[in-house]
Amino acid sequence: MPIVPVSFFGMVLGLCGLGGSWRAAHALWGVPAVLGESIMAAGALVWALVLLLYVLKWLLARPAALEELHHPVQSGFVGLAGVATLLVSIGAAPYSRAIAEGLLLAGALFTLGFGVWRTGGMWRGERDPEAATPVMYLPLVAGSFVTGTACGVLGFQDWGQLAFGAGLFSWLAMESVLLNRFQHGSALPPAQRPTLGIQLAPPVVGAVTYLSLTSGGPDIFARALLGYGLLQLLLIARLLPWILRQPLSPAYWAFTFGLTALATATLLLVARGETGVLAMLAPFLLALATGVVALASAHSLWQLASGRLLPPQKRG
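Sequence positions are assigned chain by chain, starting from 1 and proceeding in written order. Only residues with pLDDT of at least 70 are given local features in this predicted model, and only at 80 or more are side-chain atom pairs given and counted; all residues enter the totals for whole chains, interfaces and linings. Excluded from the side-chain calculation are hydrogens and water; included are all heavy atoms of the structure.

We now examine a nonpolar patch on the surface. Patch membership needs two things, relative accessible area over 30% and no salt bridge, and members are linked within 9 Å if like-charged or within 5 Å if nonpolar (Val, Leu, Ile, Met, Phe, Trp, Tyr). Surface accessibility in these figures is a Shrake-Rupley result with a 1.4 Å probe; residues are shielded only by whichever protein chains are displayed. Salt-bridge detection follows one rule: a side-chain nitrogen of Lys or Arg within 4 Å of a carboxyl oxygen of Asp or Glu. On the surface, V55, L59 and L60 cluster together into a nonpolar patch covering about 320 Å² of accessible area. A relative accessible area of 41% places V55 in the partly exposed class. Only protein chains enter the accessibility calculation, which uses a 1.4 Å probe; a residue is then buried when its area is under 20% of its type maximum, exposed when over 50%, and partly exposed in between.

Rendered as structure tokens:
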């Protein structure tokens, strides 16, 4: 049985995120709906496959799953199982409300439960500061924001606003920890540098959530979130030569969710009447997100075909 890293759920985030971007482009510009729906379907297919293999990992390779769960960095990716499920619920919403609500409930409960368990463990202290990476955002920040977005899509505004608050203030608290580590700790080792792509996600995923839970014209808070996201994009671009010292691998899917959320939030704001610089940037951000997801997908498919996608299995 292939031992699939739990971080592979990040592929679902990139694909479903891009599907959401093209759904927004369909609503705004009338591009063919099949584009967004096909990408959403691909994301749902990858979710089902990775979820099956991850469950089998717990059943047939439990030591590997436990090692991952208790790893100071890799354990954060476990939260993606819930986040990916929430994104699939958003994808299912136009087709079956019952399925969408079931996936929302399952994804939200898993995300909240795991996020509280992992974060509570971190609060006990005795944690190596070098273990602080952007993966910290995934359980509570990404989980809460995407829960809020799914609630907004399905009409549970009150629950969505609570989730948005949980994600917003968790992000602000963790951001200070990470910036302190980046500025005063040792440099991230090459294998962890692609996780810096996650640094883009909190403000722009939060912007998608905020826009999913509110109505009316563009406002300063939505623009502020996108402004900070664009700043993160510039900082990542400045560091890209340093990050790319780590060869291309599935780890680079970490860039895709933030980029697709940036494109989606910008398109949603334009649909509300934004006519300034964000309206000018919208098609370029959509093209950037599409290109990066396409590159990550092509590379992963090539690695799969050549038998190099999965890490070597440990032999006892």
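This paragraph deals with the packing of helix 7 (residues 157-184) against helix 9 (residues 220-243). Axis definition: a line fitted to C-alpha atoms, limited for helices to the stretch in contact. Angles are taken between N-to-C directions and run from 0 to 180 degrees. Strands are runs of DSSP state E lasting at least two residues, helices are runs of H or I lasting at least four, and both sets are numbered from the N terminus onward. Remark: helix 7 packs on helix 9, axes separated minimally by 15 Å, with the N-to-C direction vectors making an angle of 40 degrees. Classed by the angle they form, the pair helix 7 and helix 9 counts as oblique. Where helix 7 crosses over helix 9, the handedness of that crossing is left-handed. For the pair helix 7 and helix 9, contact is made by F164, L168, W171 and E175 and by F221, L225 and Y228, respectively. Under the scheme applied, nonpolar residues are Ala, Val, Leu, Ile, Met, Phe, Trp, Tyr, Cys and Pro; charged residues are Asp, Glu, Lys and Arg; polar residues are all the others, including Gly. Partitioned by chemical class, the residues of the contact of helix 7 with helix 9 number six nonpolar, no polar and one charged. Should an angle fall under 35 degrees it is called roughly parallel, over 145 degrees roughly antiparallel, and 65 to 115 degrees roughly perpendicular, with every other angle called oblique. Working rule for handedness: look at the near helix, and if it is turned counterclockwise from the far one by less than a right angle, call the crossing left-handed; if clockwise, right-handed. By the convention used here, residues are in contact when the closest approach between their heavy atoms is within 4.5 Å.

Pairing of aromatic rings covers Phe, Tyr and Trp, the last through its six-membered ring, and needs centres within 6.5 Å; plane angles under 30 degrees mean stacked, over 60 mean edge-to-face, and all others mean tilted. Per the counting criterion, the structure on display carries 10 aromatic pairs. Residues W171 and Y228 carry aromatic rings whose centres are separated by 5.9 Å and whose planes lie at 45 degrees to one another, so their mutual orientation is tilted. Placement of W171 in helix 7 and of Y228 in helix 9 is noted, with a sequence separation of 57 residues between them. For W171, a relative accessible area of 6% corresponds to the buried category. When its relative accessible area of 27% is taken as the criterion, Y228 is described as partly exposed. Members of the aromatic cluster, connected to one another through ring pairs, are F145, F164, Y210 and F221.

The next subject is the layout of surface pockets. In this analysis, the protein atoms alone were mapped onto a 1 Å grid. Cavities are point sets where a 1.4 Å probe fits without being able to get out; pockets are open sets with protein on both sides within 12 Å along at least five of seven lines; lining residues have an atom within 4 Å of a point. Grid points are joined across faces, edges and corners, and a volume is the space filled by probe spheres set on the points. The space that makes up the largest pocket amounts to roughly 1,300 Å³. Lining the largest pocket are 49 residues, and of these P5, S7, E68, Q74 and P311 sit closest to its centre. Every element with two or more residues in the lining of the largest pocket is listed here: helix 1 (9-29), helix 3 (62-69), helix 6 (137-154), helix 8 (201-213) and helix 10 (256-271). No other element matches helix 6, which puts five residues into the lining of the largest pocket. Looking at the lining of the largest pocket residue by residue, the classes come out as 32 nonpolar, 12 polar and five charged.

Overall, the coordinates contain five salt bridges when judged by the stated rule. One salt bridge connects E101 with R97, and the closest N-O pair in it is separated by 2.7 Å. Of the two residues, E101 and R97 are both situated in helix 5 (residues 97-123); the distance of four residues between them amounts to about one turn of the helix. Taking the relative accessible area as the measure of exposure, E101 reaches 30% and is therefore partly exposed. The exposure class of R97 is partly exposed, given its relative accessible area of 42%. R223 serves as the salt-bridge partner of E274, at 2.8 Å between the closest nitrogen and oxygen. With E274 in the loop between helix 10 and helix 11 (277-305) and R223 in helix 9, this pair connects stretches of sequence that are 51 residues apart. Owing to a relative accessible area of 38%, R223 belongs among the partly exposed residues under this scheme.

Bringing the side chain of S300 into the picture now. Relative to the elements of secondary structure, S300 occurs in helix 11. You can call S300 buried: its relative accessible area is 7%. Residues in contact with S300, not counting those within four places in the same chain, are M11, W253 and L309.

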